[in-house]
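Take a look at the letters that make up each chain.
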Amino acid sequence: MRQIEKLTRRLFLKGGLWTIALLFWNGIRGPQIVSAEDSFSGTDFVGKTREGKHSSFYINFWKPMRRINIKTWKLKITGLVEVPKIFTLDELLSLSTHSQSSRLKCVECWSARANWSGFSLNELEQIVQPHTSARGVLFHCGDEYKEYLSRESLNQDRVMLAHTMNDKPLSDAHGFPLRLIAPAKYGYKNPKAILEMEYVAEQQAGTWSKIGPYSPDGTILPGTDHPLEYGQKARRIPGGEITDY
Ligand SMILES: Nc1nc2c(c(=O)[nH]1)N[C@H]1C(S)=C(S)[C@@H](COP(=O)(O)O)O[C@H]1N2
Ligand SMILES: [Mo]
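Note that the coordinates shown come from a computational prediction; the quantities given were computed from them, not determined experimentally.

Student: For helix α3 (residues 121-128), give the residues involved together with the corresponding values.
Tutor: For an α-helix, 3.6 residues make a turn, and residues three or four places apart therefore share a direction. Those residues of α3 that fall on the buried side of the exposure criterion are L121, L124, E125 and V128. For α3, the buried positions fall inside an angular range of 100 degrees around the axis, keeping them on one side. In the stretch just after α3, Q129 is the one whose phi turns positive, near 50 degrees.

Shown next, in the form of C-alpha cells:
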C-alpha cells in the first residue's frame, strides 16, 4: 500500500509540475483562444488532500483535476443502451430523489458516514434502456479515474447516484456534481466526478485494481476491516459496522 501511496504522490507531484510548466508556457505564448469550451474551462484544480470540509473523510483523487464547471458539465450515457443520452444536472435533479445514511469505507483503513441524496440507477435505466448484453457499467471520471461495476451490483439496495452530501450539493472534493454511492463496496468502487457511464458487455479492471492489490469486485466482507495500508491480514471487527475509528 505504501508503494501505491508513493506512486499517487509522485503522479500528483508530476501533475503539479506539469501544471506549472504549462502555465509558464502559456505565459510566454500569451492568451490562447479556446476553441470548444469543456467541462473544466476556467476552473482551478482539486487534488488528493486530507483536509476536507467533512473532517472524518479523506479525499482521494487519482490525478489532480480541474474543478468541474457546472455550466458545461453533462452526464453522458453511452455504450450498449437503446437510447444513448446526455443529461444536464437539472434533468438529473428532477429524477425521483431519496436519501440514506451510509458509510464509505476505504481500503486505506478509514471510514466515515454521511447522509447522501440522489437517485437509483433504475431511474436512469428506465430512460436509456440498457441492452440485455450490457453486463456492467464503466464509469469515466473527471480525473481520468475509471471504475467498473456490474449491473447486478448497481441495482442492489442502497446503491445510488448521489448529488447531495449532508444536505448540500457535493463539494468538488467529494465528487461534484455526481458520484456513485455503493455501501457494500470499498471506497474505490464509489467513483466521483462522473462524466460518462458506458454500458459494456464484459467486466473491466478499474484504475486501482489495475495497479494495486485491490480486488476487481471490491465487496466489503461484513465484519472485516481490510488494512491494506499496513500490509497486514484482514482484521475481524465484531458486529460488522465499523465504529471504532
Ligand atoms: N474520480 C475518482 N473517484 C474516486 C477516487 C478517485 O481517485 N477518483 N477514489 C476512490 C476512493 S479510493 C475512495 S476511498 C473514495 C473516497 O471518497 P471521498 O474522497 O469522498 O472521501 O472515492 C473513490 N472515488
Ligand atoms: Mo480508497
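Student: Residues and numbers for the side chain of H163, please.
Tutor: With respect to the secondary-structure elements, H163 resides in strand β9 (residues 160-165). A residue is classified by how much of its surface remains accessible, and H163, at 8% relative accessible area, is buried.

Student: Tell me about the site of ligand 1, and name the residues and values.
Tutor: As a structural note, the neighbourhood of ligand 1 is formed by 20 residues, with Y58, D143, H174, R179 and K192 the closest of them. In this structure, an oxygen atom belonging to ligand 1 sits 2.8 Å away from a main-chain N or O atom of W62. N190 is positioned such that a nitrogen or oxygen atom in its backbone is 3.0 Å from a nitrogen atom of ligand 1. In the complex, 99% of the free accessible area of ligand 1, which totals 530 Å², lies under the protein chains.

Student: I'd love a proper account of the nonpolar core, names of residues and values included.
Tutor: A general trend in soluble globular proteins is that nonpolar side chains are found buried together. By size, the foremost hydrophobic cluster in this structure holds 53 residues, and its most contacted members are L75, L124, L161, L180 and M197. Examining the composition of this core, we find that five residues originate from one element, strand β6 (residues 110-119), more than from any other. Once you skip the residues sitting within four places of it in the chain, L75 turns out to touch K85, I86, F87, L92, L124, L178, I194, L195, E196 and M197.

Student: Which residues make up the environment of D143, and what values do they have?
Tutor: As for its position among the elements, D143 is in the loop between β7 (136-141) and β8 (146-150). As for D143 and I194, which are separated by 51 residues in sequence, their C-alpha atoms are 9.2 Å apart. Ignoring any residue separated from it by four or fewer positions in sequence, one finds D143 in contact with F61, W62, K63 and M65. A polar contact is formed between the side chain of D143 and the backbone nitrogen of W62, at a distance of 3.0 Å.

Student: Requested: an account of the packing of aromatic side chains, with residues and values cited.
Tutor: Scanning all chains against the criterion turns up four aromatic pairs. The interplanar angle of 80 degrees and the centroid separation of 4.6 Å between the aromatic rings of Y188 and Y214 together place this pair among those described as edge-to-face. Here Y214 lies in the loop between α5 (207-211) and β13 (224-225) and Y188 lies in the loop between β11 (179-181) and β12 (194-200), a separation of 26 residues in the sequence. Residue class for Y214 comes out buried when judged on its relative accessible area of 7%. When the centroid spacing of 5.6 Å and the interplanar angle of 15 degrees are considered together, the rings of W208 and Y214 count as stacked. Summarising the burial analysis for this pair, W208 and Y214 share the class buried. An aromatic cluster is built from W62, Y186, Y188, W208 and Y214, whose rings are joined through pairwise contacts. Directly above the ring of F87 sits K85, whose terminal nitrogen or CZ lies 5.1 Å from the centroid. Of note, K192 hangs over the ring of F61, and the distance from its end group to the ring centre comes to 3.9 Å.

Rules and cut-offs
Residues numbered from 1 in each chain as written. Chains lettered and ligands numbered in written order. Predicted model: local features only at pLDDT ≥ 70, side-chain atom pairs only at ≥ 80, totals over all residues. Heavy atoms only, no water. Buried < 20%, exposed > 50% of the residue type's maximum accessible area, 1.4 Å probe, protein only. Helix = DSSP H or I, 4+ residues; strand = E, 2+ residues; numbered from the N terminus. Arc of directions from axis to C-beta. Near = heavy atom within 4 Å. Polar contact = N/O pair within 3.5 Å; in protein donor to acceptor, adjacent residues only side chain to side chain. Areas by Shrake-Rupley, 256 points an atom, 1.4 Å probe, with all protein chains shown as cover. Core = buried A, V, L, I, M, F, W, Y, C linked by side-chain atoms within 4.5 Å. Contact = heavy atoms within 4.5 Å. Phe/Tyr/Trp six-rings, centres within 6.5 Å; stacked < 30°, edge-to-face > 60°. Lys NZ or Arg CZ within 6 Å of the ring centre and 35° of its normal.

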